[in-house]
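Now for the letters of each chain:
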2 protein chains.
Amino acid sequence: MKLDVCYTPDLIHQFEVENKTVVVIDILRATSCMVAGLGSGIQSITPVATIEECEALGKQGYIMAGERGGEKVEQFHIGNSPFDYMKPELKGKKVATTTTNGTHAIELSKNAKEVVIGSFLNLNALVSHMMKSENDVLLFCAGWKGRYNLEDTLFAGAVCNALKQNAELESDSALCAFFLYQSMATDLAYYINRSNHAARLSKFNVKEDIEYCARLNEFNVVPKLIGSELTV
Amino acid sequence: MKLDVCYTPDLIHQFEVENKTVVVIDILRATSCMVAGLGSGIQSITPVATIEECEALGKQGYIMAGERGGEKVEQFHIGNSPFDYMKPELKGKKVATTTTNGTHAIELSKNAKEVVIGSFLNLNALVSHMMKSENDVLLFCAGWKGRYNLEDTLFAGAVCNALKQNAELESDSALCAFFLYQSMATDLAYYINRSNHAARLSKFNVKEDIEYCARLNEFNVVPKLIGSELTV
């Protein structure tokens, strides 16, 4: 198996996605929310690009979820906290979500053989899924407005580390994500808290979100994109 | 002083260069050659985009230097090895050079307040220069055909490490370059030899070049772009 890492959507043109499993990664917080929600019994999550598309699905009975600039969209039912997604009343519901970076990365992955969702919360489940598959894998970091970020790269490195006996790391992006993870693995939450994104989010009082998003293997699910819906 | 890192030319649109010192970094091997050559008495180095431009300057008496795909351009005087650039007979000469990545990054930096050249060979001289200046700094990794690479990022991290008491690391790119350097600082040559670029170059028998490019502070010079020429 070949394993590569794309650090931001602004570099995705350098990679072929057609015959690969693409793992979309937006640790703070879109893909952590997707894993927490689908792992807690939400029926499906439909990522959409705009607030208006989300509202259109809201009229069809979907729970509307999402943020802009880190804050909940005012008229939506829930924001972009994994705790929102784990509320018992959401079990069995369909959710439509729009976020700054994660939904954009999913949109850019649509030509892949398979699109799945990665976060620290489902690391082992994801790694098992990849080992069973014969597809080459691209770990696709959503970044922040096209820019590189620490926490997504760190998770990509965690996957490279878990698969180092089974996969060939294709490029320096993969190799450096792996080295970065190895140097930070002893205290993921500490390093994620030093990231730019954590600093940006700190004004929204989401310290607990960040700590939760650094937790390992809370859910044994691999959300997968089927049509326009993520399900497990 | 603010310090940021751009990992590849494909991400340069995310950064403002206008009021900054831009440090162009192409460790294997363009900027290492520039430092070795200008540190050994070459009068000036003119980076140009094409083989034809290089040949036009050759007709005016310039030494023609450069590579395509890692190999010396056949009709040129010298290739892209730092040892070529240190030959005694080049002292006092003007050199025109074209390389795959380094000259492209210099071209993209031309709107900066100042463009200087960085490599492990002149790390301390570069850091001293930056500490004397009041400019914010962008460390601009030339990468490989637009892609991220290990060795340029590692050097950017070495600069971040040297300036950590004096500069604010502006983004996760800078922070992660710093962490990567800290985890690899004990054996730079070993890690650079694990890079994709080292693997690509290995077929050209340039092991000594790679080891030389990982040496620290061989030259106390900071090549600077004045018009179209690099001088010290």
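Before any of the text, the structure's been laid out above.
Residues numbered from 1 in each chain as written. Chains lettered and ligands numbered in written order. Predicted model: local features only at pLDDT ≥ 70, side-chain atom pairs only at ≥ 80, totals over all residues. Heavy atoms only, no water.

Enquirer: What is the right way to look at the overall build of chain A in this model?
Expert: Across its full length, chain A carries ten helices and eleven strands. For the C-alpha atoms alone, the extent of chain A along its principal axes is close to 45 × 35 × 30 Å. For chain A, the proportion of contacts with a sequence separation of at least 24, taken over those separated by at least 6, is 77%. Of the side chains in chain A, 22 bear a positive and 28 a negative charge, and the two mean positions are spaced by 4 Å. (Helix = DSSP H or I, 4+ residues; strand = E, 2+ residues; numbered from the N terminus. Contact = heavy atoms within 4.5 Å. Lys, Arg positive; Asp, Glu negative; His and termini not counted. Charge placed at Lys NZ, Arg CZ, Asp CG, Glu CD.)

Enquirer: Is there a simple way to explain the pattern of salt bridges in this structure?
Expert: When the charged atoms of two side chains with opposite charge come close together, those side chains can pair. For the structure on display, the rule yields 18 salt bridges over all chains. Ionic pairing is found between Glu170(A) and Lys20(A), a salt bridge with its closest N-O pair at 3.7 Å. Of the two residues, Glu170(A) sits in the loop between strand S9 (168-169) and helix H7 (172-184) while Lys20(A) sits in strand S2 (residues 20-25), which places them 150 residues apart along the sequence. The exposure class assigned to Glu170(A) is partly exposed, which follows from its relative accessible area of 29%. Between Asp4(B) and Arg147(A) there is a salt bridge, with its nearest N and O atoms 3.2 Å apart. Placement of the pair is Asp4(B) in strand S1 (residues 2-6) and Arg147(A) in the loop between strand S8 (136-141) and helix H6 (150-162), with the two residues belonging to separate chains. For Asp4(B), a relative accessible area of 4% corresponds to the buried category. Taking the relative accessible area as the measure of exposure, Arg147(A) reaches 23% and is therefore partly exposed. (Salt bridge = Lys/Arg side-chain N within 4 Å of Asp/Glu carboxyl O. Buried < 20%, exposed > 50% of the residue type's maximum accessible area, 1.4 Å probe, protein only.)

Enquirer: So what exactly am I meant to see when it comes to the packing of H7(A) against helix H7 (residues 172-184) of chain B here?
Expert: Helix-helix packing is characterised by the crossing angle of the two axes and by the distance between the axes. Two numbers describe how H7(A) lies on H7(B): the axes approach to 10 Å, and their chain directions differ by 75°. With respect to each other, H7(A) and H7(B) are oriented roughly perpendicular. Judged by residue contacts, Cys176(A), Phe179(A), Leu180(A), Ser183(A) and Met184(A) of H7(A) engage Cys176(B), Phe179(B), Leu180(B), Ser183(B) and Met184(B) from H7(B). (Axes fitted to C-alpha atoms, helices over the stretch in contact; angles between N-to-C directions. Parallel < 35°, antiparallel > 145°, perpendicular 65-115°, else oblique.)

Enquirer: Can you help me understand the nonpolar core in this one?
Expert: Ranked by size, the top nonpolar core spans 160 residues in total, and within it Val5(A), Leu139(A), Val5(B) and Leu139(B) carry the most contacts. For Leu139(B), the contacting residues outside a window of four places in its chain are Leu3(B), Asp4(B), Val5(B), Cys6(B), Val23(B), Ile25(B), Ala156(B), Val159(B) and Cys160(B). Listed in part, the nine residues of the second largest apolar core include Ile51(B), Tyr62(B), Val73(B) and Ala96(B). (Core = buried A, V, L, I, M, F, W, Y, C linked by side-chain atoms within 4.5 Å.)

Enquirer: Please explain the interface of chain A and chain B as it appears in this structure.
Expert: With 28 residues of chain A at the contact, the number on the chain B side is 28 residues. When the two sides are added together, the surface that chain A and chain B hide from each other amounts to roughly 2,300 Å², 57% of it contributed by carbon and sulfur. The tally of links between chain A and chain B comes to two salt bridges. Applying the counting criterion to the chain A and chain B interface returns twelve residue pairs in polar contact (both at pLDDT 80 or more). Looking at the side of chain A that touches chain B, the elements that each hand over two or more residues are H6 and H7 of chain A. Per-element accounting of the side of chain A that touches chain B gives the leading share, eight residues, to H7(A). (Buried area = accessible area lost by both parts, 1.4 Å probe. Polar contact = N/O pair within 3.5 Å; in protein donor to acceptor, adjacent residues only side chain to side chain.)

Enquirer: Is there a simple way to think about the pairing of strand S6 (residues 94-98) of chain A in this case?
Expert: The side chains of a regular strand alternate between the sheet's two faces. All names here are of chain A. The element S6 is extensively covered by neighbouring structure, given that four of its five residues are classed as buried. Pairing of strand S3 (residues 44-47) with S6 involves four bridges; the strand directions are parallel. Its bridge partner being in S6, Ser 44 is matched across the sheet by Lys 94. Examined bridge by bridge, strand S4 (residues 63-68) and S6 share four bridges and lie parallel to one another. Note that in S6 the partner of Gly 66 across the bridge is Thr 98. (Pairing = 2+ DSSP bridges.)

Enquirer: Mind showing me how you'd approach the relation of the copies chain A and chain B here?
Expert: Taken together, a rotation about one axis and a shift along it account for how the two chain copies relate. Superposition record for chain A on chain B: RMSD 0.0 Å, screw rotation 180°, translation along axis 0.0 Å. A rotation of that kind, with that shift, is consistent with a two-fold axis. The fraction of interface residues of chain A whose copies in chain B are also interface residues reaches 100%, indicating that both copies meet through the same surface. (Least-squares fit on C-alpha atoms with pLDDT ≥ 70 in both.)

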